Amino acid sequence: MKTSDFDYNLPQEYIAQKPVEPRDSSRLLVLNRQSGELTNRIFGEITDYFKPGDVLVMNDSRVLPARIKGIKQDTSAKIEILLLKRDGEGCWEALLKPGKRTKPGTIIDIHQPNGGVVSIQAEVLADKEDGIKLLRFSDETHLMKLGEVPLPPYIHTPVADPERYQTVYALTNGSVAAPTAGLHFTPELLKRLTEMGVICTYVTLHIGLDTFRPVKEEDPKDHKIHREYGILSKETASAICCAKETGKRVFCVGTSATRLVEQASHLSQTSLITSYSGWADLFILPGYKFRVADCFITNFHLPRSTPLMLTSAFAGWPFLRKAYEKAISEHYRFYSFGDAMLIL
C-alpha cells in the first residue's frame, strides 16, 4: 500500500465554492458494499435507508473563529494566525502565514476588526514540527472576538453567513474545520429521523491539522496523525451498545465521529464501547476492522488525505475509486461544500 494509491485527478471546477440551499438538497451517492450498486439520490431522501432503532452518531464540535489577523511589531508586516489547539493557559499551537521567518520572540499586535476596541498581543514562544508555532496570548479571553471562521484553502468565495460552515447541531467550540458530512442535515430532517424511531446521538471531536494537509510519506503507515481531543458520553456509548445487542445499525456521520467511536471501542475494557474523554490518534487505513460503524455518511475527500484513507478502509478502495469516477463523470460537487456519500 502506497500513498500514491489514494490519488485521483479532479478538475478544479468540481470543487464546490458555495453550499447549496437548502442543506439537504445536495446530491447523495449511495454505495452498497454487498451488491456493488451505486445509486444517485438527494440527501433529504436518506431517511429511506434507516430503520427504527438505528443509531445516528454525529460530531457536535463547533468551528472556532480561528483565523486571526495581526501585525508584527518589529516590521509592521501583516501576518495571519490560524489557531490549531490550546496548549496550556494562554498558549495555543498555530500556523502563521507567512511563518518561516517568524522566529521565537516575535510579538504580534492583534486588534478587533471593524473598529472594535479589543487589542491583545501574541508572542511566538517556540517552533514545533510541521511548521507549527507555539504562541502565548496576553489575554486569551478575547480570542473569540478577534477572529473569523476559517474556510479551507480551496474555497475562494466568501460565505455570506458564517453559520453555513457550521452544522445545525454544532455546540462545543474547538474545531478549526467543520465536520462537513454533517452540513447536509437540517433540523427538519433530524426531526423526521427521530419520528421514525432513529436514535440521534452526539460525540465531540475537535478537528485539527490533518484536515488541511495531505499525507507526504510514500508509505502512509509512516504518517504521524495529529491528535484531536474527543468526548464520548455514557448516553452515546449506551445507545451504541443497545443497537449492537438488538441487531440494529450504527450510522456514523463523517470521519471524525467514526474515528472517535472506533478509538473508544478499542480502549474499552468491559464492553463494546464505554464513555471516553481524551486524545484521539487512531489512524484508520485499509485492512482495519471496524467494530462500531455499520454505515457511513461522508463527503468526497482530497487526494492522499487521511479522511480518504479512512473512507477507503470502510468501502474498499477499488469500490470507492469506482464511486469517485462516477461522481466526477456525473458532475458531483466535491469537498467541504460539496455532495455526500452514504456507504452501506
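That block above? That's the structure.
What counts, and where the lines are drawn
Residue numbers restart at each chain and count upward from 1, following the sequence in its written direction. With pLDDT at 70 or above as the cut-off, local features in this predicted model cover only qualifying residues; side-chain atom pairs require 80 or more to be listed or tallied, and sums for whole chains, interfaces and linings still use all residues. Note that the side-chain values use all heavy atoms of the structure and ignore hydrogens as well as water. The way it works is that DSSP assigns letters per residue, a run of H or I at least four long becomes a helix, a run of E at least two long becomes a strand, and they are numbered from the N terminus. We take the radius of gyration over the C-alpha atoms and set the globule estimate at 2.2 Å times the residue count to the 0.38 power. Exposure categories follow from relative accessible area, calculated using a 1.4 Å probe and restricted to protein chains: below 20% of the type maximum is buried, above 50% is exposed, and the middle band is partly exposed. Contacts are assigned to residue pairs with any non-hydrogen atoms lying within 4.5 Å of each other. Accessibility throughout is a Shrake-Rupley quantity obtained with a 1.4 Å probe, and a residue counts as covered only by protein chains that appear here. Positive charge is attributed to Lys and Arg, negative charge to Asp and Glu, and no charge count is given to His or to the chain ends. Every charge is mapped onto a representative atom, which is NZ of Lys, CZ of Arg, CG of Asp or CD of Glu. Here, a strand pair is defined by DSSP locating no fewer than two bridges between the strands. Geometry is summarised by axes, namely lines fitted to C-alpha atoms with helices restricted to the contacting stretch, and by angles between N-to-C directions that run from 0 to 180 degrees. Each angle gets one of four labels, with under 35 degrees taken as roughly parallel, over 145 as roughly antiparallel, 65 to 115 as roughly perpendicular, and the rest as oblique. Residue classes follow a fixed rule: Ala, Val, Leu, Ile, Met, Phe, Trp, Tyr, Cys and Pro count as nonpolar, while Asp, Glu, Lys and Arg count as charged, and any other residue, Gly among them, counts as polar. Pairing of aromatic side chains here covers Phe, Tyr and the six-membered ring of Trp, requires ring centres within 6.5 Å, and sorts the geometry by plane angle: under 30 degrees stacked, over 60 edge-to-face, intermediate tilted. Pairing of N or O atoms within 3.5 Å defines a polar contact, subject to two protein rules: one partner must be a possible hydrogen donor and the other a possible acceptor, and residues neighboring in sequence count only if both atoms are side-chain atoms. To estimate how far a helix should extend, the number of its residues minus one is multiplied by 1.5 Å.

Peer 1: How would you summarise the overall build of the protein chain if you had to cite specific residues and measurements?
Peer 2: Looking only at helices and strands, one finds six helices and 17 strands in the protein chain. A globule of 344 residues ought to have a C-alpha radius of gyration of about 20 Å, and the protein chain, at 20 Å, matches this closely. Along the first, second and third principal axes, the C-alpha atoms of the protein chain reach 65 × 45 × 40 Å. For the protein chain, the proportion of its 344 residues judged to be buried stands at 53%. Pairs at least 24 residues apart make up 71% of the contacts formed inside the protein chain by residues separated by at least 6 positions. Here the protein chain displays about 15,500 Å² of accessible surface, and carbon together with sulfur accounts for 51% of that area. Counting 42 positive and 41 negative side-chain charges, the protein chain places the centres of these two groups 2 Å from one another.

Peer 1: Hey, could you go over the sheet that holds strand β5 (residues 67-72) for me, with residue numbers and the actual values?
Peer 2: On the basis of which strands lie adjacent, the closed barrel formed by six strands has the order β5-β6-β7-β10-β9-β8 and antiparallel pairing. Averaged over neighbouring strand pairs, the angle between their axes works out to 45 degrees when direction is ignored. One ladder, built from two bridges, connects β5 with strand β8 (residues 107-111); its direction is antiparallel. If you follow Lys-72 over to β8, its bridge partner there is Ile-108.

Peer 1: Which residues make up the packing of helix α5 (residues 306-315) against helix α6 (residues 317-329), and what values go with them?
Peer 2: Look at α5 against α6: their axes get within 7 Å of each other, and the N-to-C directions meet at 115 degrees. With respect to α6, the axis of α5 lies roughly perpendicular. Only Trp-317, Phe-319, Leu-320 and Tyr-324 of α6 make contact with α5, whose side of the interface consists of Leu-308, Thr-311, Ser-312 and Ala-315. For the contact of α5 with α6, a count of residues per class yields six nonpolar, two polar and no charged.

Peer 1: Talk me through the packing of aromatic side chains; I want residue IDs and the actual numbers.
Peer 2: The full count for this structure, using the stated rule, is 17 aromatic pairs. Consider the rings of Phe-300 and Phe-334, whose centres lie 4.7 Å apart with planes at 35 degrees: the pair is tilted. With Phe-300 in the loop between β16 (295-299) and α5 and Phe-334 in the loop between α6 and β17 (340-343), this residue pair connects regions lying 34 residues apart in the sequence. What makes Phe-300 buried here is its relative accessible area of 1%. In this structure Phe-334 comes out as buried when scored by relative accessible area, which is 0%.

Peer 1: Quick rundown of the side chain of Thr-167? Include the residues and the values.
Peer 2: Secondary-structure assignment places Thr-167 in the loop between α1 (143-146) and β11 (172-175). Looking at Thr-167, its side chain comes within polar contact range of the main-chain nitrogen of Ala-170, at 3.0 Å. Those residues within four positions of Thr-167 in sequence are excluded, and the remaining contacts are Arg-23, Asn-59, Pro-179, Gly-182 and Leu-183.

Peer 1: Quick one: what's the story with unusual backbone geometry, residue by residue and with numbers?
Peer 2: Note that the residue after Glu-21, namely Pro-22, is joined by a cis bond; omega there is -10 degrees. Within the secondary structure layout, Pro-22 lies in the segment before β1 (27-31). Lys-97 connects to Pro-98 through a cis peptide bond whose omega is -5 degrees. Tracing the sequence through the fold places Pro-98 in the loop between β7 (91-97) and β8. Non-glycine residue Arg-304 carries a positive phi angle of around 60 degrees. At Tyr-335, a residue that is not glycine, the phi angle is positive and equals roughly 75 degrees. Along the chain, the position of Tyr-335 falls in the loop between α6 and β17.

Peer 1: Lay out helix α3 (residues 234-245) in plain terms, naming residues and giving numbers.
Peer 2: For α3, spanning 12 residues, the distance from its first C-alpha to its last is 16 Å, which sits close to the expected 16 Å at 1.5 Å a residue. For α3, the set of buried residues is Thr-236, Ala-237, Ala-239, Ile-240, Cys-241 and Ala-243. Looking at the buried side of α3, the elements it contacts are β3 (55-59), β12 (199-205), β13 (228-232), β14 (250-253) and α4 (254-267). Immediately beyond the C-terminal end of α3, within one or two residues, lies Gly-247, with a positive phi of roughly 80 degrees.

Peer 1: Which residues make up the sheet that holds β16, and what are the values?
Peer 2: Spatial strand order, β2-β1-β17-β16-β14-β3-β12-β13-β15: nine strands in an open sheet with mixed pairing. Two strands bound the open sheet, and with one partner strand each, they are β2 (38-42) and β15 (276-280). Across the sheet, the mean angle from the axis of one strand to that of its neighbour is 25 degrees, orientation sign disregarded. Bridging between β3 and β14 involves three bridges; their strand directions are parallel. Directly across from Val-55, in β14, lies its bridge partner Val-250. Together, β3, β12, β13 and β14 form the strand contacts of α3, whose direction differs from that of β12 by roughly 130 degrees.

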